[in-house]
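Examination of the molecular architecture
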Protein chains: 2
Amino acid sequence: MTEQVTTGTDVNRMRELNALSIVRALRGNPPSTVTELATRTGLSRPGTDVIVQGLVADGWLTVVEPDGSSIVGRPARRYRFNAGTGHVVGVDVGAHKVLAMLADLDGTVAATSRLPVDPGADPAARLAVVDAAVDECMAAAGLSPGDVWAISVGVTGPVDASGRTALFTPLPGWASVSLAEHLATRFSCPVQVENDCKLAALAERWQGVARDADDIVYLLAGMRIGAGLIIDGTLRRGYGGAAGEIGALPAVRWLTAPSHLQSCAPPGIDTDDAAAWVFNAARSGDKTARTAVRRFTRDLAVGTAALVLALDPQVVVLGGGFSRSADLMLDQLARELGRTCLRVPEIRASTLGAESVALGALRLAIDEVDARLFETGLPAPVAPRA
Amino acid sequence: MTEQVTTGTDVNRMRELNALSIVRALRGNPPSTVTELATRTGLSRPGTDVIVQGLVADGWLTVVEPDGSSIVGRPARRYRFNAGTGHVVGVDVGAHKVLAMLADLDGTVAATSRLPVDPGADPAARLAVVDAAVDECMAAAGLSPGDVWAISVGVTGPVDASGRTALFTPLPGWASVSLAEHLATRFSCPVQVENDCKLAALAERWQGVARDADDIVYLLAGMRIGAGLIIDGTLRRGYGGAAGEIGALPAVRWLTAPSHLQSCAPPGIDTDDAAAWVFNAARSGDKTARTAVRRFTRDLAVGTAALVLALDPQVVVLGGGFSRSADLMLDQLARELGRTCLRVPEIRASTLGAESVALGALRLAIDEVDARLFETGLPAPVAPRA
C-alpha cells in the first residue's frame, strides 16, 4: 500500500473527474465562489481556481461579477453553470395538436410552438407538423439543429424499446412510425420517444404539484384516461414500456368512464367539447350533468384504486384536460379511494395544464444530456451524438 | 491542478477504500490470486498483496491453498471472501408455523428450525415460538446472539416504517406487535421486519425462478393471495409499505377467489387441507374440482392482470402454497392474461416451496450487512449495531 503509480492518463482522468465534480456542484445550484466550490468538492483552492478558469474558457461556466455590496474588502467573483451553452427540445404529439418547446439546460423555456393537426391526418402529414413546430421554436430562438443537444417526444400509447407505439396508438397509421428515425435525418443529437402520461408524470415532479414526492401515480384524465408511475424517484417504464396501462383492464372501467360525460352532452356537440360542456353544466348545478360527473369520477376511482393498491404512492396527481375541473372530482375521488385502499394517498390537481407532456419531454431531454455529460466526462460543450 | 495535499487521514481513508474494493471484487466471485485482484481493482500488485494479507489477518478473506495441478512453476495462492466470518437469520412468522433459517454471509444455510404455532395463539405465545426457532438455529450452528449480524422477519400484511402491521394482519392481536423491539432485547444487530410476499419475491430473484429478471410480479397464492413487486431490480415497498396489496380491491376478486376451492371440498375437512384436497381431486379428473380450480384461477388472473397492466413486468412468478399445483393453473393463467394484457409476461411456477419467505428474509439480512459494510468501511469483522 506504499506504492502509488500515477500515469499521464491517470492525471488527465483525475483532472476530468475534478472538473466534473465542480460542474456537478454548480448544476442546479446558486452561483458560488472558488472558495465555496473548493469546500464543496474537497479540492484545493488553487486547484479549483485552475479548473474553474478552464471551464469558463470552454463555455461550461460563466462569471457572475460581484455587485459591490460587500462591506469588507474586494467581493469575490461567483461562477454559475452556463445553462445556455446547450439547448433541448420537448414535443407533445397529440391527436389535435403538436406542442414543441425549446429550453436551455436548466429548463428555462426559450420558445414554444403550438400547431393544430387534423385528428385524421396520416403519419406523413403529422410528422410534417412536428417538423414545423420544432422549426418554429428554433427560428424563434435563433438556433439551428446543431445547437440542439437532445430531443424528447411524447406520444399516446405504450412506447417500445424501438420508440414505436406498436402495441396501441389512437393516431391513424401511427403504429409503425419511428419518430426517432424521422428526427435523426435532421438532428444528430439523442432522440427519445416516450409515452405522454409518463412524461406528464415527470413534469409534475419537476415543476408541478408533486415536487416533494418520490412515489407518484399520475392520472392523465380526459376523453382517454392513462397513468404514469414514478416509484422511488424514478419514472418506471416497465419491461416492455407498458407500465401504467391499467386502463386496458375492463374491470377498472377506464375505457367506458368518459362515455358517462359524452352521453350527457347535447346531441351534435363535438366529442372534444362534450366533456367541457358537461363540467360547466355540473358547475352550474345541472342535476343530470352532476350525475354524469359523479359516474365518471366513480369509474376513474376504480382504476386509480388499483394503481394505489398496487404501488402505495405518496401522491396521486389528477392531470390531463379534465384537471381544470378537478374541483368537481377531488373530494369524491378521495372518498372512493378511502373505501377500498388500505392507505389513502394525498390527491392533488395538476396546475401545469396543457403543457405537462411537453414539459416532461424537456425534463427527459435534460436528463439525457446530464447522463451523457456525467458518464463520458466534460469535453468542450457540443451536442452529444445519438 | 498540480497541487495535491495528502493528509494522514486521506491515506487511511484511501487504504480503507482500496481494501473495500478488494473485498467487493471477491464478494460473490470465485477465489482469485493477488495478480487477478490487482487487475480487477486497478491497484498495484505489491499494494494489493499488502492489503490482502491485512484482510486475511482481520478474517475477511481466507487462503485457498493451490491444489498442485499447475504444470508450470509454483501455483499461486488464491483468496476468497470468508463468508463464515458473520451470520444472518431469516424468519417466516406464519399463522400455523414459524420457520427460522441461519446462514453465512453468502447465504449458505447452516441451520433451519420449523416450529408449529396455534393459529389462535396470542402475540406473547407466538413471539415465544419465534424465540425458540431462532434459538434452535443458533444452538444447531453453535452460535450465540453476538454472532448474528442481521435478522429479518417476514409477516403477513403491509409492514409500516416502524416494522408493525398496523393496517392489516390476520394474526390475533398482532397489529401492535413490534418484532423489531422484541428481538432487540436479545440482539444488538440490525433487525428488519418485512411483508412475507415481498420477501418471497426477493427469494425468487436470488435463488428461484426469476434470477434473470429485474421486473417481477410475485404472487403468493394460497388461502390468502398476496403480491410482491420487484421493479428495475429493486424490491418496491411503496410509500407506506403497502405496495402489492391489490387484493384489497373487490373488483380484482382475490378476496373471494379461495372460496371456490373451499366450497368444493367435502364438509368437515380443515380449511387448510381443503385446497390440497381440491387440487388432488382436479388432478384425478373430478369435474367439480376442475371447475373450482378453473374459477379460482380465473379470479387469480383478474388481480394478476391488474398488476401486469400497472407494472409491465418481465416475469410473473406463481408462488405460495398453491404453486405445488401450478400445473393445473399456469396455462389458464396465461390465456386469461392474454385476453386483457397489452403484453403478456412469462409466467413461471416457484420451486422454492415453503421456504421462500425465510430465504427472502436471509437475502434482506445479507443486503443489510453488505450495505453497512460498504457504507462504513471495513473495520475488523464484528456484527454491526442496530
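As a convention, each chain's residues are numbered from 1 in the sequence order in which they are written. Starting at A for chains and at 1 for ligands, labels are handed out in the order in which the entities are written. Restriction of local features to residues with pLDDT of at least 70 applies here, the model being predicted, together with a cutoff of 80 or more for giving and counting side-chain atom pairs; totals for whole chains, interfaces and linings are based on all residues. Side-chain measures here rest on the full set of heavy atoms in the structure, leaving out hydrogens and waters.

Notes on the domain arrangement of chain A
The condition that has to hold: Where each domain starts and ends follows an automatic or database-derived domain assignment.
For chain A, the assigned domains read domain 1 (8–81), domain 2 (86–199 + 356–376) and domain 3 (212–351). A straight line from the C-alpha centre of domain 1 of chain A to that of domain 3 of chain A covers 47 Å.

A closer look at a positive patch on the surface
Residue and element names in this part refer to chain A. Note the following rule: Excluding any residue in a salt bridge, patches collect residues exceeding 30% relative accessible area, merging like charges within 9 Å and nonpolar Val, Leu, Ile, Met, Phe, Trp and Tyr side chains within 5 Å. Here the open area of atoms and residues is found with the Shrake-Rupley method and a 1.4 Å probe, where only the protein chains shown may cover a residue. A side-chain nitrogen of Lys or Arg and a carboxyl oxygen of Asp or Glu constitute a salt bridge if their distance falls within 4 Å. Think of it this way: Lys and Arg go in the positive column, Asp and Glu in the negative one, and His and the chain ends go nowhere. For charged residues, the charge sits on one atom: NZ in Lys, CZ in Arg, CG in Asp, CD in Glu. By definition, any uninterrupted DSSP run of H or I lasting at least four residues is a helix, any uninterrupted run of E lasting at least two residues is a strand, and each is numbered from the N terminus. Accessible area is worked out with a 1.4 Å probe on protein chains only. A residue is then buried under 20% of its type maximum, exposed over 50%, and partly exposed in between.
On the surface, a cluster of positive charge is made up of Lys287, Arg290, Arg294 and Arg295. Position of Arg295 among the secondary structure elements: in helix H9 (residues 287–311). Judged by its relative accessible area of 42%, Arg295 falls in the partly exposed class.

Some remarks on unusual backbone geometry
Residues and elements named next belong to chain B. In this model, Asp232 sits at a positive phi of 50°, which is unusual for a non-glycine residue. By the element assignment, Asp232 lies in the loop between strand E9 (225–231) and strand E10 (234–235). For Asp232, a relative accessible area of 40% puts it in the partly exposed group.

Thoughts on the pairing of strand E11 (residues 315–319) of chain A
Residue and element names in this part refer to chain A. Note the cut-off: A pair of strands is labelled paired if DSSP reports no fewer than 2 bridges between them. If the strands point away from the viewer and the path from the first strand over the helix to the second runs clockwise, then the crossover is right-handed.
Counting buried residues in E11 gives five out of five residues, a clear majority hidden from the surface. In E11, alternate side chains face the same way, and those of Val315, Val317 and Gly319 on one face and Val316 and Leu318 on the other are all buried. As paired elements, strand E8 (residues 216–221) and E11 share five bridges and run parallel to each other. Following the sheet pairing, Val217 is matched in E11 by Val316. Across four bridges, E11 lies against strand E12 (residues 346–349) in parallel orientation. When the bridges of E12 are listed, Leu318 appears paired with Ala349. The parallel pair E11 and E12, bridged by helix H10 (residues 330–340), forms a crossover whose chirality is right-handed.

Examining the interface of chain A and chain B
Rules: Throughout, a residue-residue contact means that at least one pair of heavy atoms, one from each residue, lies within 4.5 Å. Note: buried area is the sum, over both parts, of the accessible area (probe 1.4 Å) each one loses when the two are combined. Counting of polar contacts relies on pairs of N or O atoms within 3.5 Å, with two restrictions inside protein: one atom must be capable of donating a hydrogen and the other of accepting it, and residues adjacent in sequence are counted only when both atoms are side-chain atoms. Polarity classes work like this: nonpolar for Ala, Val, Leu, Ile, Met, Phe, Trp, Tyr, Cys and Pro, charged for Asp, Glu, Lys and Arg, and polar for all others, with Gly in that last group.
Contacts between the two partners involve 45 residues from chain A, matched on the other side by 45 residues from chain B. The junction of chain A with chain B conceals about 3700 Å² of combined surface from both sides, 67% of it contributed by carbon and sulfur atoms. Our count for the chain A to chain B interface comes out at two salt bridges. Linking chain A to chain B there are 16 residue pairs in polar contact (both at pLDDT 80 or more). At the level of elements, helix H1 (8–26), helix H3 (45–58), strand E9 (225–231) and H9 of chain A are the ones that each hand at least two residues to the side of chain A that touches chain B. At seven residues, the largest contribution of residues to the side of chain A that touches chain B is made by H9(A). Of the residues assigned to the side of chain A that touches chain B, the class counts are 26 nonpolar, 10 polar and nine charged.

Some words on the pattern of salt bridges
Scanning the model with the defined rule gives 40 salt bridges over all chains in all. With a closest N to O distance of 3.4 Å, Glu181(A) and Arg164(A) form a salt bridge. Remark: Arg164(A) occurs in the loop between strand E6 (148–155) and helix H5 (179–184) and Glu181(A) occurs in helix H5; sequence separation between them is 17 residues. A relative accessible area of 23% places Arg164(A) in the partly exposed class. Taking the shortest distance from any N to any O, the salt bridge between Asp299(B) and Arg298(B) comes out at 3.3 Å. Through salt bridges with shared partners, one network takes in Arg27(A), Asp106(A) and Asp370(A).

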